[in-house]
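# Remarks on the overall topology
As a plain string of letters, each chain reads:
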Amino acid sequence: MVCLDGKETVELDYGQLNPTIMYGKARLSLDGDAYDIGISSEHRDVVKQVFNAMVQAKKKLTHAPRSIPISMTGLRWKDLVEKVLERHKPIKEMFFVGMGNALQFEDSQLAEKVMLQFAEWDAGILTVHDSFMVHHGYRNDLDNVMSDAFEQQFGFKAKIKLEPKSFERIRKPGVFDETDLLELIAQENEYGDLFGRG
């Protein structure tokens, strides 16, 4: 669990950021999971790596990058590429043309907008790739800032999701408090032995 000023945090993520931006540039909307190409969902992370490699590459790749464990899918690189291209036929011209760095730059500009707003409020914020972590009391503010920054930069709405958390606060429904980390750990629940873990 990550805390800010000893307080519980919440993490919001721009879901499927690169695919969403790519479809938006084509004036289209991304439907469903960009990394669902018709194979087992257990290979979603591998498919995401394949997708990103295809976006980053400046020319068509004949072999998988060594860092991508495609063998676990039971498919050849060529088969995975074809499935990604078929799934994203409306934007297939955006693959293997070296868009990756440009997308990363736009991603950094987006993150800067979000962080600067929180800096103006003198509120702590942490970034983790395409997600942001803030004090739980700023959850709605973060959602609004992320949405506004994305729409301002790209001209369409983003998909923002709440990241699963490893530590869930026990609190009465509808009650907002300022319980700090030590008080949470002291609670007699399944997380009470956090200090004893190796």
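Structure: above.
Anyway, here's the lowdown on the structure attached to this text. (Residues numbered from 1 in each chain as written. Predicted model: local features only at pLDDT ≥ 70, side-chain atom pairs only at ≥ 80, totals over all residues. Heavy atoms only, no water.)

### Notes on the overall build of the protein chain
Selection criterion: Runs of H or I in DSSP of at least four residues are treated as helices and runs of E of at least two as strands, each being numbered from the N terminus. Each residue gets one of three labels from its accessible area relative to the maximum for its type: buried under 20%, exposed over 50%, partly exposed in between, using a 1.4 Å probe on protein chains only. Only heavy atoms matter for contacts: two residues are in contact if any of them lie within 4.5 Å across the pair. Where accessible areas are quoted, they stem from the Shrake-Rupley method and a 1.4 Å probe; at the residue level, only the protein chains shown are allowed to cover.
For the protein chain, the count of helices and strands is 6 helices and 5 strands. For the protein chain, the proportion of its 198 residues judged to be buried stands at 37%. Taking contacts inside the protein chain between residues at least 6 apart in sequence as the whole, the part at least 24 apart equals 67%. In the form shown here, the protein chain has an accessible surface area of approximately 12,000 Å², with 49% of it arising from carbon and sulfur atoms.

### Re the side chain of H88
Heads up, the rule is: Polar contact criterion, stated in full: a pair of N or O atoms within 3.5 Å, where within protein one must be able to donate a hydrogen and the other to accept it, and residues adjacent in sequence count only if both atoms are side-chain atoms.
Mapped onto the secondary structure, H88 falls in the loop between α3 (77-87) and α4 (100-120). Assessed through its relative accessible area of 0%, H88 is described here as buried. Within the local environment of H88, its side chain forms a polar contact with the side chain of Y23, the two groups lying 2.8 Å apart. Every residue in contact with H88, bar those within four places of it in the chain, is listed here: Y23, L30, A34, F51 and F95.

### Considering the packing of aromatic side chains
Defined as follows: Only the six-membered ring of Trp is used, alongside the rings of Phe and Tyr, when aromatic pairs are assigned; centres must lie within 6.5 Å, and planes under 30 degrees apart are stacked while those over 60 apart are edge-to-face, with the rest tilted.
Counted by the stated rule, this structure contains 9 aromatic pairs. Considering the side-chain rings of Y14 and F132, the 6.2 Å spacing of their centres and the 85° angle between planes classify their relative orientation as edge-to-face. In this pair, Y14 is assigned in strand β2 (residues 7-14) and F132 in strand β4 (residues 131-135), connecting sequence segments 118 residues apart. Exposure class is identical for Y14 and F132. Each is buried.

### A word on the pairing of β4
As a reminder of what qualifies: Two strands qualify as a pair provided DSSP detects at least 2 bridges between them.
In terms of burial, β4 is largely enclosed, as 5 of its 5 residues are buried. Sheet analysis places β2 next to β4, joined by 5 bridges and oriented antiparallel. Bridge assignment links D13 to a residue of β4, and that residue is S131. With 3 bridges connecting them, strand β3 (residues 126-128) and β4 associate as antiparallel partners.

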